[in-house]
Amino acid sequence: MISFQKASKLGIASEDLELNDKTQTQKKFLIRNDCSQETIEDIRRIYGNVVFSDPLNAEDFDKSIQKIYKNKSIIDDEHMISLGETISLDEATQSLLSKTSIENNNDDAPVIQMLNSIITQSLAKGASDIHFETNDESFDIKMRLDGNIINILSLRPEISSRIISRIKILGQINISERRLPQDGRVTFKLGKQIIDVRISTLPTGSGERVVMRMLGKQNQLIKLNKLQMPENIYNNFKSQVRKPHGLILVTGPTGSGKTTTLYSAIDSILNLGLNIMTIEDPIEISFPGISQTQVNSKLGLNFAEGLKAILRQDPDVIMVGEIRDPETASVALRASITGHLVLSTLHTNTAYGAISRLRDLGVDPYMISSSLNCVIAQRLLRKYCLNCRNESINLGGKSSDQLFKLDGCEQCDYSGLHGRIAIFDYLNINAHLKNKISDGDLLIKEDSINERSNLSNEAINLVEQKVIPKFEAVRMTLNDNE
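Read on for a plain summary of the structure. It should be emphasised that the depicted structure is a prediction, and the values quoted were computed from it without experimental measurement.

Reading guide: rules and limits
Residues numbered from 1 in each chain as written. Predicted model: local features only at pLDDT ≥ 70, side-chain atom pairs only at ≥ 80, totals over all residues. Heavy atoms only, no water. Helix = DSSP H or I, 4+ residues; strand = E, 2+ residues; numbered from the N terminus. Polar contact = N/O pair within 3.5 Å; in protein donor to acceptor, adjacent residues only side chain to side chain. Contact = heavy atoms within 4.5 Å. Buried < 20%, exposed > 50% of the residue type's maximum accessible area, 1.4 Å probe, protein only. Pairing = 2+ DSSP bridges. Axes fitted to C-alpha atoms, helices over the stretch in contact; angles between N-to-C directions. Salt bridge = Lys/Arg side-chain N within 4 Å of Asp/Glu carboxyl O. Core = buried A, V, L, I, M, F, W, Y, C linked by side-chain atoms within 4.5 Å. Arc of directions from axis to C-beta.

A few points about the side chain of Glu322
Reasoning step 1: In this structure, Glu322 sits in the loop between strand S14 (317–320) and helix H11 (326–336).
Reasoning step 2: One polar contact links Glu322 to Arg324, side chain to side chain, over a distance of 3.1 Å.
Reasoning step 3: Those residues in contact with Glu322 that sit more than four places away from it in its chain are Phe303, Thr328, Ser344, Thr345 and His347.

Structural data, given as structure tokens:
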């Protein structure tokens, strides 16, 4: 199925939208006079026995596809694809590598089976990303599981173009463009589960590389009291979330659970009669009763513009997915001192590093001291697999600072690690710190040691409790003392 948007972009469209009809022996395509030869060849390879029209000028082509797609749901910006029943990854690999499949590049069924099997297996394991890497000697398919990259399959490099073309078609990406990075998205349905997938392509010296980020729309919300925060941090944070105005920041590297913490905070105040609004990229969990807005950079709706629009909607609480540029920082802080509670995230290593980051974004020190209520820094640390924990500890998991491979078991894919646990660092912006920030002084750990719980201490406690290996504690808190 080729979407309306994709047909308009590539200059090619099928006269019959039902391209999966097994009884149809020949498929007819309309082409615009600027349609590239590469696109035509890709369509011929993907759909098999096809016939192309004479090239049409832009006006005639647009009129034709308007008639074809009239009243069709696939004019929507994104379409939902059902994964249905899938075969095992081993069976899909054998089918793709069979002599018949290799000799007949026009047969796309093995590629579809392979990709569906990869996605299904990744979802079953709880992977956050799927990587497709084209190298000179192999085409490697990997998944990110609990923050760790695991290789699940290596194929011959000549297979890569077939699988990557299929991914591009799903994501409504230009399949003929292989020289520039591209982005796309697609929604899958697997049973009752709906998965929003962000697709990113990148040209490399060995070929194209693709990453699919899996975002389950039914992600399970974790209650604030279930985040396993230390009691003093939980009580302080809970009271800050109930304040009528000010700025609350959650910091940490990508994939450290910052958004989950913000969602939990919002959930804790849902029933307090507040107008809660968000601007996010992407919307990961849908909340009934609040207004959530999705960033759309192509249409000019970024965090800053979305935040400005929200401020005209009489909000009480605003969640900004990320403060990443000076304009967003300025608007967010001004909103927080004009009677709104603003929650957002920053990419810094420590809680007190948030102050320096805001200053780097051009925010005046007096604005920071006036608006900032508190900062939480957090990490997600990989836990021992409970099934083989003792063996991992005996190998040196509790004593070695250096990262090494644990033997593991089948339950943890022979990694020795399964699941993750959060650790938190809390910085309360009291009167003393507000004065220092306003005066432009740099904060150091000694300034706030009585107001915070140290990430390193939390990690070492988990090592002593045999929850995580020591190398994981060291790896994830290396920058805690900066």
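Considerations on the pairing of strand S11 (residues 246–251)
On any regular strand, side chains alternate: one points to one face of the sheet, the next to the other face.
Reasoning step 1: Along S11, six of the six residues are buried, which leaves the element largely enclosed by surrounding structure.
Reasoning step 2: By the alternation rule, side chains of S11 split into Gly246, Ile248 and Val250 and Leu247, Leu249 and Thr251, which are all buried.
Reasoning step 3: Where S11 and strand S15 (residues 341–346) come together, six bridges link them in parallel fashion. Considered in S15, the bridge of Thr251 is made with Leu346.
Reasoning step 4: Where S11 lies against strand S16 (residues 372–384), five bridges are found, and the strand directions are parallel. Looking at the pairing, Ile248 lines up with Cys374 of S16.

Structural notes on the sheet that holds strand S2 (residues 27–31)
Reasoning step 1: Across the sheet, three strands lie side by side as S1-S2-S3; this open sheet has mixed pairing. This sheet does not close on itself; its edge strands, each paired only once, are strand S1 (12–14) and strand S3 (50–52). This sheet shows a mean twist of 30 degrees between the axes of neighbouring strands, independent of strand direction.
Reasoning step 2: Sheet topology note: the S2/S3 ladder contains three bridges and is parallel. Within the sheet, the bridge partner assigned to Lys28 lies in S3 and is Val51.
Reasoning step 3: Helix-sheet contacts for helix H2 (residues 37–47) involve S1, S2 and S3, and the interaxial angle to S3 is about 155 degrees.

Topic: the sheet that holds S14
Reasoning step 1: Strand order in this open sheet of seven strands is S13-S12-S14-S15-S11-S16-S17, and the pairing throughout is mixed. What marks the edges here is a single partner per strand, and that holds for strand S13 (291–294) and strand S17 (417–428). Going from strand to strand, the sheet's axes swing by 15 degrees on average, the running direction of each strand aside.
Reasoning step 2: Pairing of strand S12 (residues 276–280) with S14 involves four bridges; the strand directions are parallel. Across the sheet, the residue bridging to Ile279 is Val320, located in S14.
Reasoning step 3: Those strands touched by helix H9 (residues 258–267) are S11, S12, S13, S14, S15, S16 and S17, and its axis lies near 165 degrees from that of S15.

Digging into the pattern of salt bridges
Reasoning step 1: Tallied over the full model, the rule gives 19 salt bridges.
Reasoning step 2: A salt bridge links Glu177 to Arg179, with the nearest nitrogen and oxygen atoms 3.2 Å apart.
Reasoning step 3: Given the relative accessible area of 13%, Glu177 is considered buried.
Reasoning step 4: Among the ionic pairs, Asp196 bridges to Arg198, the shortest N-O distance being 3.6 Å.

Comments concerning the nonpolar core
Reasoning step 1: Formed by 44 residues in total, the largest nonpolar core has its most connected members in Leu249, Ile368, Leu372 and Leu427.
Reasoning step 2: Per-element accounting of this core gives the leading share, five residues, to H11.
Reasoning step 3: The contact partners of Leu372, leaving out residues within four places of it in the chain, are Leu247, Leu249, Ile355, Ile429 and Lys434.

Observations concerning unusual backbone geometry
Glycine aside, residues mostly have negative phi angles, and peptide bonds mostly take the trans form.
Reasoning step 1: Of note, the phi angle at Gln228 is positive, near 65 degrees, even though the residue is not glycine.
Reasoning step 2: The backbone of Asp413 shows a phi angle near 55 degrees, a positive value even though the residue is not glycine.
Reasoning step 3: Structurally, the position occupied by Asp413 is in the loop between helix H14 (389–397) and S17.
Reasoning step 4: Asp413 sits in the partly exposed class, given a relative accessible area of 31%.

Brief notes about the environment of Ile318
Reasoning step 1: Locating Ile318 in the fold gives a position in strand S14.
Reasoning step 2: Exposure remark for Ile318: the relative accessible area of 0% places this residue in the buried category.
Reasoning step 3: The spacing of Ile318 and Ser336 is 18 residues in sequence and 9.0 Å in space, taken between C-alpha atoms.
Reasoning step 4: Discounting chain neighbours no more than four positions away, the residues touching Ile318 are Met277, Leu307, Ile310, Leu311, His340, Leu341, Val342 and Leu343.

Some details on helix H8 (residues 231–241)
Reasoning step 1: Listed in full, the buried residues belonging to H8 are Ile233, Tyr234, Phe237, Gln240 and Val241. One face of H8 carries all of its buried residues, which in axial projection span an arc of 135 degrees.
Reasoning step 2: The inward-facing, buried residues of H8 contact S11, H9, S15, S16 and S17.

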